[in-house]
Amino acid sequence: MTESWVNSAERIGADLHLELSGPGGRRAALTRALREAVRDGRLAPGTRLPPYRSLAADLGVARNTVADAYAELVAEGWLTARQGSGTRVAERAEPLRDTVRTPVEAPSRAGPVHDLRQGAPDASAFPRAAWAASYRRALQAAPNEAFGPGDPAGRRELRETLAEYLARARGVRTEPDRIVICSGFAHALRLLFGRGVQDAPGAGGVLRGPLGVEAYGLGFHRELLAAAGVRTVPLPLDEHGARVDALGRERAVLLTPAHQFPTGGPLHPERRAAVIGWARARGAVVLEDDYDGEFRYDRRPVGALQGLDPERVIHIGSVSKSLSPALRLGWMVLPRRYVEAVLAAKGEREGWASVPDQLALADFVACGSYDRHVRRMRQRYRRRRDRLLAALAAQAPHIEVAGIAAGLHAVLRLPPGTERSTVRAAVWRGVALDGLAAFRHPRSSTDAGDGLVVGYAAPAEHAYGAALEALCGVLPPG
């Protein structure tokens, strides 16, 4: 078998992979390979094929072999040949559907009709034009060394920009040398606790358990920590946030102090001071998950806990809620004593966060596009939240709503014993959402009751009204 990458010139301007294999000689194999490329759509109608001489040289065959193959396909109607225009794929040569491999029965529903799951921003609102402009500027201004092996700390341009932005917008006290770029919160946990780090297999981690966690939180994070051998200790929750007075011999605690996930509400100021006092007394550290700190609607944003003691708090943030989870960009603001250990865990080269994306984000923040985008999305999400509240007031006034002062989701309190049946009814109606019980720590003594965690950011604007109608239709009666 002979394989070659052939430049198909004008229309596609990229290499085409042809496999010259099967029975017969080179001409038969080439004819078969070209016919298959047209049939499966790799050569689109109108694509100009390489001249005989060029293709023959690329494949290592005689010119006559290519000429004969082209002539045969012209005769069959797969190609056309005109003087001065060269040989092209015929306009009527449509890719054929593979009926043999198509399942006899398609699934009844490819996915939810209405996506009201928490955590997802409005993907249609990604600022494509502004991001593309920042990307172009960043690439044009980037020094040559930016395209070599990356610094595991992250690009200096981004760390300097983040230090200024986080101080201004979140009250974080830091400098660029204490910021380490990562690909998101989960990556930060892997770096801190050591299991699954790319360049440090089997490493013991920068931090060790036991780790205090809030009684309700993301199960994915608990699973990641468990896989790293970290025991998590659930802290009770009430209307003022995590009961940090329950902390004892833990070496660290993970909190969502600006907006408890998923129940909502900031950590009470007295408890913020108390957890810093505990960390100082124990020589421990607080992990601050600032997952949606920019989106606060009823008053000014709650500042970062890190500002109270930069040497006792690891502040972790990302652009997954503010821009898009597809960018895979986040950051850790570290106490000085952890910087070298985190960089050692990350490895000698940047293996996670794209350097061009880092440069683009630095420009995006520095030129003001990030602030403008966040302000615009804050207004949009607040309108979404208000529409949710209005729909519930009109159609389900007996349902209490909590956690609405910030973020991208709300908690709907349900009558006791109705959560599971309501989630099942939502599935039947094509509404994707989460029950509150799904976020409860398996060893927690806190029971927040029955409820739904409803995300209001993800649906497209034109579909949001129908999503709210479907949601109200599955809620239990009063």
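Residues numbered from 1 in each chain as written. Predicted model: local features only at pLDDT ≥ 70, side-chain atom pairs only at ≥ 80, totals over all residues. Heavy atoms only, no water.

- The name given to the chain in an unreviewed UniProt entry is GntR family transcriptional regulator, and the organism recorded there is Streptomyces corchorusii.
- Word for word, the UniProt comment on the chain under Sequence similarities (unreviewed entry) is "In the C-terminal section; belongs to the class-I pyridoxal-phosphate-dependent aminotransferase family." (UniProt positions renumbered as here; feature names shortened; annotations may be inferred.)

Looking at the pattern of salt bridges
Argument step 1. Applying the stated rule across the entire model yields 25 salt bridges.
Argument step 2. For R35, the salt bridge identified is with E72, shortest N-O distance 3.8 Å. Here E72 lies in helix α3 (residues 63–76) and R35 lies in helix α1 (residues 26–39), a separation of 37 residues in the sequence.
Argument step 3. Here E72 falls in the partly exposed class, since its relative accessible area comes to 26%. (Salt bridge = Lys/Arg side-chain N within 4 Å of Asp/Glu carboxyl O. Helix = DSSP H or I, 4+ residues; strand = E, 2+ residues; numbered from the N terminus. Buried < 20%, exposed > 50% of the residue type's maximum accessible area, 1.4 Å probe, protein only.)

Topic: the side chain of E294
Argument step 1. Tracing the sequence through the fold places E294 in the loop between β12 (285–289) and β13 (313–318).
Argument step 2. The buried charged residue E294 lacks any salt bridge partner; its closest oppositely charged side chain belongs to R170, at an N-O distance of 5.8 Å.
Argument step 3. Only 3.2 Å separates the side chain of E294 from the side chain of Y370, close enough to count as a polar contact.
Argument step 4. If near-sequence neighbours (up to four positions away) are discounted, E294 is found in contact with Y165, S322, Y370, V374 and R378. (Lys, Arg positive; Asp, Glu negative; His and termini not counted. Polar contact = N/O pair within 3.5 Å; in protein donor to acceptor, adjacent residues only side chain to side chain. Contact = heavy atoms within 4.5 Å.)

Thoughts on the sheet that holds strand β15 (residues 400–402)
Argument step 1. The four strands lie next to each other as β15-β16-β19-β18, forming an open sheet whose pairing is antiparallel. What marks the edges here is a single partner per strand, and that holds for β15 and β18 (434–435). (Pairing = 2+ DSSP bridges.)

Digging into the nonpolar core
Argument step 1. Of all hydrophobic cores here, the largest spans 54 residues; its most connected members are L412, L471 and L475.
Argument step 2. Of all the secondary-structure elements, those providing two or more residues to this core are α5 (156–170), β6 (179–182), β14 (330–333), α10 (355–366), α11 (369–395), β16 (409–413), β19 (451–455) and α13 (464–474).
Argument step 3. Each of domain 2 (114–119 + 372–473) and domain 3 (127–368) gives at least three residues to this core.
Argument step 4. Setting aside residues up to four positions removed in sequence, L471 forms contacts with L116, L388, L412, V431, L433, L452 and V454. (Core = buried A, V, L, I, M, F, W, Y, C linked by side-chain atoms within 4.5 Å. Domains from an automatic or database assignment.)

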